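Here is how the chains run, residue by residue.
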Amino acid sequence: MSGTRESRGYQDVAVAVPVTVPYVRYSIRSAHWFLGRALRLLCEGAGITKDAIDGLCVASFSLAPDTAVGLAQHLGVSPRWLDHIPMGGAAGIVSLRRAARAVEAGDAEIVACLSGDTNHVDSFRQNTSSFSRFAVDAVYPYAAGGPNMSFAFLTQYYMRTYGAEPADFGRLCVAQRANALKNPLALFKKPLTLDEYLASRPIADPIRLFDCVMPCAGAEAFLVMSEDRAKSLGLPYARALSAVERHNAFPSDPIQIRGGWVLERDRLYGRAGLGPEEIDLVEVYDDYPVISLMQIEDLGFCAKGEGPAFVRAHSFEVEGTFPLNTSGGQLSVGQAGAAGGSLGLVEAVRQLTGRPLGAQVPDARHALVSGFGMINFDRGLCTGAAILAAA
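Since the structure is predicted, the reported quantities are computational estimates derived from the model, not experimental observations.

### So, the overall build of the protein chain
A count of helices and strands for the protein chain gives 14 helices and 11 strands. In summary, the protein chain has a C-alpha radius of gyration of 19 Å against a globular reference of 21 Å for 391 residues, a match within 12%. Dimensions of the protein chain, computed from the C-alpha atoms along their principal axes, are close to 55 × 50 × 45 Å. The contacts in the protein chain between residues at least 6 apart in sequence include a share of 76% that link residues at least 24 apart.

### Looking at unusual backbone geometry
For the bond from alanine 64 to proline 65, the omega torsion is 10°, close enough to zero to count as cis. By the secondary structure assignment, proline 65 is in the loop between strand 2 (55-59) and helix 2 (68-75). The peptide bond linking aspartate 205 to proline 206 adopts the cis configuration, its omega dihedral lying at 10°. In this structure, proline 206 sits in the loop between strand 5 (202-204) and strand 6 (207-208). Notably, phenylalanine 250 is not glycine yet its phi reads approximately 50°, a positive angle. Tracing the sequence through the fold places phenylalanine 250 in the loop between strand 8 (237-247) and helix 10 (261-272). Look at asparagine 325: it is not a glycine, yet its phi comes out positive at around 45°.

### A closer look at the pattern of salt bridges
Opposite charge on two side chains lets them pair, provided their charged atoms get close. Enumeration over the complete set of coordinates arrives at 17 salt bridges. For the salt bridge of glutamate 104 with arginine 101, the shortest nitrogen-to-oxygen distance reads 2.6 Å. Here glutamate 104 pairs with arginine 101, and both are found in helix 3 (residues 91-105), just 3 residues apart, close to one helical turn. With its nearest N and O atoms 3.0 Å apart, the salt bridge here joins aspartate 168 to arginine 171. One end of the pair is aspartate 168 and the other is arginine 171, both in helix 7 (residues 166-180) and 3 residues apart, which spans about a single turn.

### What about the packing of aromatic side chains?
One pass over the full model with this rule turns up 9 aromatic pairs. Summarising the aromatic geometry, the rings of phenylalanine 151 and phenylalanine 372 are spaced 6.5 Å apart at their centres and angled 70° between planes, so their arrangement reads as edge-to-face. Highlighted residues: phenylalanine 151 in helix 6 (residues 148-162) and phenylalanine 372 in strand 10 (residues 366-375), separated in sequence by 221 residues. Each member of the pair, phenylalanine 151 as well as phenylalanine 372, is classed as buried. Taking 5.9 Å as the distance between ring centres and 75° as the angle between the ring planes, the aromatic pair formed by phenylalanine 316 and phenylalanine 322 counts as edge-to-face.

### Notes on the state of the cysteines
Inspection of the entire model under this criterion finds 0 disulfides. Not engaged in a disulfide, the cysteine cysteine 302 finds its nearest cysteine sulfur in cysteine 173; these two sulfurs lie 17 Å apart. Unpaired in terms of disulfides, cysteine 382 finds its nearest cysteine sulfur in cysteine 57, a separation of 13 Å. Judged by relative accessible area, cysteine 382 falls into the buried class, the value being 8%.

### Regarding helix 7
End to end, helix 7 covers 21 Å across 15 residues, agreeing with the expected 21 Å (1.5 Å per residue, within 8%). Extensive coverage of helix 7 is indicated by the burial of 11 of its 15 residues. For helix 7, every residue scored as buried is listed here: Ala167, Asp168, Phe169, Gly170, Leu172, Cys173, Ala175, Gln176, Arg177, Asn179 and Ala180. Where helix 7 is buried, its residues touch helix 6, helix 8 (194-199), helix 11 (289-298), helix 12 (307-313) and helix 13 (329-333).

### Digging into helix 1 (residues 31-46)
Between the first and last C-alpha of helix 1 there are 23 Å, a value that for 16 residues agrees with the 22 Å anticipated at 1.5 Å per step. On its buried side, helix 1 packs onto strand 1 (13-24), strand 2, helix 2, strand 4 (110-117) and strand 7 (217-226). Positive phi appears at glycine 47, one or two residues downstream of helix 1, with a value of about 70°.

### A few points about the pairing of strand 1
Along strand 1, 10 of the 12 residues are buried, which leaves the element largely enclosed by surrounding structure. The pairing of strand 1 with strand 7 spans 8 bridges and is classified as antiparallel. When the sheet's bridge partners are listed, valine 19 is paired in strand 7 with alanine 221.

### Focus: the packing of helix 7 against helix 11
Packing of helix 7 against helix 11 brings their axes to within 9 Å, and their N-to-C directions diverge by 95°. Compared by their axis directions, helix 7 and helix 11 come out roughly perpendicular. Residues Phe169, Leu172 and Cys173 of helix 7 touch helix 11, and the partners they reach there are Pro289, Val290, Ser292 and Leu293. Across the contact of helix 7 with helix 11, the residue classes tally to 6 nonpolar, 1 polar and no charged.

Definitions and cut-offs
- Residues numbered from 1 in each chain as written.
- Predicted model: local features only at pLDDT ≥ 70, side-chain atom pairs only at ≥ 80, totals over all residues.
- Heavy atoms only, no water.
- Helix = DSSP H or I, 4+ residues; strand = E, 2+ residues; numbered from the N terminus.
- Rg over C-alpha atoms; globule rule 2.2 N^0.38 Å.
- Contact = heavy atoms within 4.5 Å.
- Salt bridge = Lys/Arg side-chain N within 4 Å of Asp/Glu carboxyl O.
- Phe/Tyr/Trp six-rings, centres within 6.5 Å; stacked < 30°, edge-to-face > 60°.
- Buried < 20%, exposed > 50% of the residue type's maximum accessible area, 1.4 Å probe, protein only.
- Disulfide = S-S within 2.5 Å.
- Expected span 1.5 Å × (residues − 1).
- Pairing = 2+ DSSP bridges.
- Axes fitted to C-alpha atoms, helices over the stretch in contact; angles between N-to-C directions.
- Parallel < 35°, antiparallel > 145°, perpendicular 65-115°, else oblique.
- Nonpolar A, V, L, I, M, F, W, Y, C, P; charged D, E, K, R; others polar.

Right, dumping it as structure tokens:
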């Protein structure tokens with residue numbers, strides 16, 4: 001047989017019961033506790049016992065020495081389909097993608113996708129010091145304990161290449177703070193003005209204080225099942241139309257200015273039968289605003305390098321011309337480790353089912369969610385995106 005077999009979009013796949021274990025700045029609890037709490041909320045929200053969950057997908061940085069199978073023993077579940085997704089900010093998309101295919105194939109009927117982490121007083125420093133071989137060899141020798149320096153490199157290069165100004169990044173941060181003020185679970189409770197953003201202290205030039213997420217503890221989770229199963233349980237749900245992932249894209253680029261979305265976006269939109277102009281809200285992975293701009297470009301909402309002009313031409317609040325990170329995103333809700341990779345997906349399901357924690361995007365029918373994870377010295381390795389529709 002010659003040629004290649006192009007995979008199709010999803011058929012009869014529902015995403016339901018979006019839950020958040022409320023974030024806290026620090027916690028002495030383990031990641032197991034936050035993930036277990038998320039599973040309990042899933043069962044309560046679906047009106048099922050944990051025995052009904054026969055698929056489990058887990059993402060966590062602080063679960064070690066356990067993996068997903070060890071967590072299954074802690075939680076007292078016996079899945080017939082199991083996956084562990086160590087992909088950080090891309091884990092939510094990858095979890096959805098693989099769980100959807102498992103449901104389609106009949107390998108599982110109800111898959112619980114859990115992502116979360118704890119945050120002890122010193123755990124962020126400890127995690128970043130051994131995050132990857134590149135972190136050990138290339139970042140720490142520069143006395144930069146974590147991703148700030150890496151993203152400073154990316155931000156500097158983007159600004160020089162495409163003429164972005166600090167205020168362009170600030171507009172995104174200010175809009176997301178406005179969205180977060182309507183979300184009772186967001187850690188940031190004070191309004192943010194553009195002047196305050198521009199006056200904030202430098203962290204790693206050109207990154208400022210409000211360009212950085214706040215590490216915290218918490219969890220995000222959702223269930224994947226067939227639409228018929230969701231209906232039988234009486235659950236509001238969003239339909240999964242398509243999802244893509246691409247890893248280590250463009251390795252020959254001297255520094256990252258594009259991600260794997262460029263290579264996969266035609267498949268993403270083609271499988272969904274939609275174009276960028278038909279998307280009503282966008283949830284991007286936002287550990288730093290430069291990555292939000294990169295995703296807006298690479299997902300086809302504007303051409304490469306036109307991100308700054310796009311930001312100046314649009315408003316990003318829930319009621320704006322381009323609703324973006326409608327819960328507030330990680331920049332204003334917080335980054336609970338690997339849970340950051342599912343924050344946007346959980347919010348998209350809430351928006352499409354008319355049950356947001358904050359403000360509702362009017363007439364929301366289609367949502368695009370993208371993920372970005374595993375930053376090494378000069379690039380993130382994992383990218384993904386999904387399109388969901390209201391049922």
